[in-house]
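# Observations on the model geometry
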Amino acid sequence: MWRGGRFLSDGLLSEGATGSRAHPLFRMFVRWVRRPLLAVVRLWRRNIQLRVVTATLLMSLAVVLLLGLVVIGQVSNGLLDAKQQAARSQAAGGFAVAEQLADDVVPGGTGNGRDVRQDTGTWLNDLVTQLASGGQGVYYLVALSSEEGPGTFGAGEGSDTHGPRASFDLKPEESVSPQLREALDDSPDTYEQYGTIVLEGGRTEAALVIGKRLSDPNGDPYQLYYLFPFQQEEKSLSLVKGTLATAGVFVVVLLGAIAWLVVRQVVTPVRMAARISERLAAGRLQERMKVSGEDDIARLGESFNKMAKNLQTKIQQLEELSRMQRRFVSDVSHELRTPLTTVRMAADVIHEARDEFDPVTARSAELLLGQLDRFESLLADLLEISRFDAKAAALEADPVDLRDVVRRVLEGAEPLAERKGSRLLVYGDERPVVAEADARRVERVLRNLVVNAVEHGEGRDIVVRLASGGGAVAVAVRDYGVGLKPGEANRVFNRFWRADPARARTTGGTGLGLSIAVEDARLHGGWLQAWGEPGGGSQFRLTVPQTAGEQLRGSPIPLEPADSRRRREEAQAPPGEARASAQSPAASRGTAREPHRSRGGAVAPPREAVDGGNEPGGGEPDTRRRTAREPEEPMEEQGGHGDHGERQGD
């Protein structure tokens with residue numbers, strides 16, 4: 001891992017930093033860091049009080065920092081200006097005293113033929129000692145020669161040359177810069193400079209250096225410097241910084257606490273309203289907000305409680321009305337069965353003796369028997385609907401092969417199909433289609449779908465498809481009749497709904513068949529969905545889970561038929577491509593297989609006729625047959641193309 005400096009290529013980060021082939025230790029570290037971060041992010045997104053308090057703290061901290069910088073800058077400038085003024089005044093007075101002392105000294109006389117000069121070394125020592133006597137801790141004093149450069153200094157103390165002299169424990173040559181000394185050699189003016197003084201032991205301090213070139217009693221030039229350290233000013237500035245930092249932390253914490261308290265007063269009623277809203281949504285309609293005071297939050301609580309009370313009243317009224325309606329339907333349905341049985345017996349007697357009546361009376365007997373059949377069917381549907389409304393319907397699920405159910409449904413609907421001139425075609429029955437379902441309820445759903453397709457199919461072919469996959473099984477019933485207008489696929493499962501309310505119900509059943517069918521599908525945990533287009537027919541798809549109680553993720557049969565999708569794609573394609581596609585229909589053909597025959601002996605037409613290549617049910621089938629096996633269709637997820645979700649049948 002470490003050999004040859006190949007830690008990155010062979011170590012923790014091999015094959016991608018966070019990919020599936022990253023080092024296990026690195027993935028463990030990422031998970032260990034990620035979990036608390038996700039918790040913090042989730043808390044940040046869900047807690048408005050935390051966001052407000054954090055924003056207040058950050059803004060307060062920024063304000064305090066900005067204010068502190070401004071205050072420290074102003075205090076620093078003020079201390080510096082005061083230091084400069086005091087240093088200049090002190091240095092000017094010292095320079096004046098040095099000049100006065102030099103003028104007051106009288107040079108010595110002559111003796112033995114030569115002049116006697118004043119001992120400047122002793123005089124400089126006395127001068128530095130005298131001027132520095134009152135400035136201990138306030139300033140330092142340095143006297144240097146003004147002859148040439150630093151190399152000429154070195155004469156011992158007490159000689160006539162101006163050797164370096166300093167007060168206290170200051171190192172004179174290291175504390176005064178060569179640039180300042182050269183400037184004093186060039187001009188007799190007073191110069192000042194910020195520098196660093198060096199003390200014995202190597203300790204340094206920032207200081208203001210003020211120097212001037214003067215003359216000793218013998219008229220020889222020398223340089224006198226005042227060095228004012230910023231030690232006191234730095235202590236004062238440190239004290240100001242500490243005070244500002246303490247006050248800033250206190251202010252930030254205080255503002256955070258104030259923000260937390262203020263936001264809490266607003267957020268607490270909102271959270272209470274959210275909790276009570278969840279309880280109301282769960283059915284606990286007696287929940288109310290606690291109201292105190294007369295402010296805006298109190299008025300909000302009062303309005304919320306008033307809304308909840310009105311909502312509870314309305315819901316109770318609707319529930320009571322619904323219970324009365326269900327009870328009325330159930331009671332009426334049960335009470336009508338006894339007189340209906342009597343009327344049925346009398347109608348059967350009259351119908352059997354119709355040959356003895358005149359034609360008008362005989363026809364009336366036939367109509368009476370037909371309407372009694374319709375009445376009995378309506379009563380049975382009303383009783384079934386009342387059981388669904390009362391939540392009394394029970395599912396008796398057993399493994400069922402839907403091919404057997406479809407076969408029984410087609411055998412029962414075959415006489416009606418022969419009268420209408422439609423053929424019943426089945427695809428996808430080559431292999432078992434097994435699911436845990438209630439065979440009686442599934443058969444009732446499919447019988448309703450097939451009968452409706454025959455009655456509204458205008459004598460054209462009725463195609464039934466079966467498929468399984470992805471934990472679901474599906475049966476789709478396709479007709480090529482009048483179809484459905486936009487929006488009708490959502491209303492077709494409503495009770496007693498008709499596409500044309502102005503038209504009398506001369507075909508179809510009681511108007512409750514699809515409502516019962518969608519309830520049967522929901523009882524299985526499945527879907528019953530509809531698709532249709534004007535003049536293009538319709539398709540109803542029943543999807544149930546293969547295992548009872550499992551949740552559906554999709555359907556193995558697309559809700560929109562393949563022929564409709566092809567027509568739409570050809571309509572949207574450029575004219576040249578659509579024409580080439582229409583001229584080569586055999587490009588996707590497979591091997592031919594004898595399709596399913598209904599009991600009436602009708603043979604399934606070629607795939608082109610079923611899926612829209614030719615008009616279904618119109619004329620003789622095309623002799624060019626495609627396989628009756630359905631092509632592999634992608635599983636359609638709930639919410640996919642043409643999906644109406646759980647809204648159907650509401």
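Read on for a plain summary of the structure. (Residues numbered from 1 in each chain as written. Predicted model: local features only at pLDDT ≥ 70, side-chain atom pairs only at ≥ 80, totals over all residues. Heavy atoms only, no water.)

So, on to the nonpolar core. Membership of the largest hydrophobic core comes to 40 residues, with the highest contact counts inside it found for L402, L446 and L528. It is helix α10 (residues 402–420) that contributes the most residues to this core, 8 residues altogether. In this structure, A91, F95, A102 and L131 belong to the second largest nonpolar core, which totals 22 residues. (Core = buried A, V, L, I, M, F, W, Y, C linked by side-chain atoms within 4.5 Å. Buried < 20%, exposed > 50% of the residue type's maximum accessible area, 1.4 Å probe, protein only. Helix = DSSP H or I, 4+ residues; strand = E, 2+ residues; numbered from the N terminus.)

This part is about the pattern of salt bridges. For side chains bearing opposite charge, pairing can occur when the charged atoms are close. Counted under the stated rule, the structure contains 20 salt bridges. Residues R354 and E366 are paired through a salt bridge, measuring 3.5 Å at the closest nitrogen-oxygen approach. Here E366 lies in helix α9 (residues 359–389) and R354 lies in the loop between α8 (296–352) and α9, a separation of 12 residues in the sequence. Put simply, R423 and D461 hold a salt bridge, and the shortest N to O gap is 3.1 Å. On the criterion of sequence distance, the pair formed by R423 in the loop between α10 and β9 (424–427) and D461 in the loop between α11 (439–456) and β11 (462–469) is long-range, its members being 38 residues apart. Residue classification places D461 among the buried positions, given a relative accessible area of 2%. Within this structure, D438, R441, R444 and D520 form a network of salt bridges that share partners. (Salt bridge = Lys/Arg side-chain N within 4 Å of Asp/Glu carboxyl O.)

To continue, consider the environment of R478. Mapped onto the secondary structure, R478 falls in strand β12 (residues 472–479). Of the residues examined, R478 reaches a relative accessible area of 0% and is grouped as buried. A C-alpha to C-alpha distance of 5.0 Å links R478 and V463, two positions 15 residues apart in sequence. Leave out the neighbours within four places in its chain, and R478 touches D461, I462, V463, R465, W531, G536, G537, S538, Q539, P561, D563 and R567. Polar contacts involving the side chain of R478 include one to the side chain of D563, which spans 2.9 Å. (Contact = heavy atoms within 4.5 Å. Polar contact = N/O pair within 3.5 Å; in protein donor to acceptor, adjacent residues only side chain to side chain.)

Helical geometry note: an α-helix holds 3.6 residues per turn, so side chains three or four residues apart project in the same direction. Between its first and last C-alpha, helix α4 (residues 120–132) extends 18 Å over 13 residues, near the 18 Å set by a 1.5 Å rise per residue. Every buried residue of α4 is accounted for by T120, G121, W123, L124, N125, L127, V128, L131 and A132. Check the buried side of α4 and you find it contacts α3 (48–104), β3 (140–145), β4 (165–166) and β7 (221–229). (Expected span 1.5 Å × (residues − 1).)

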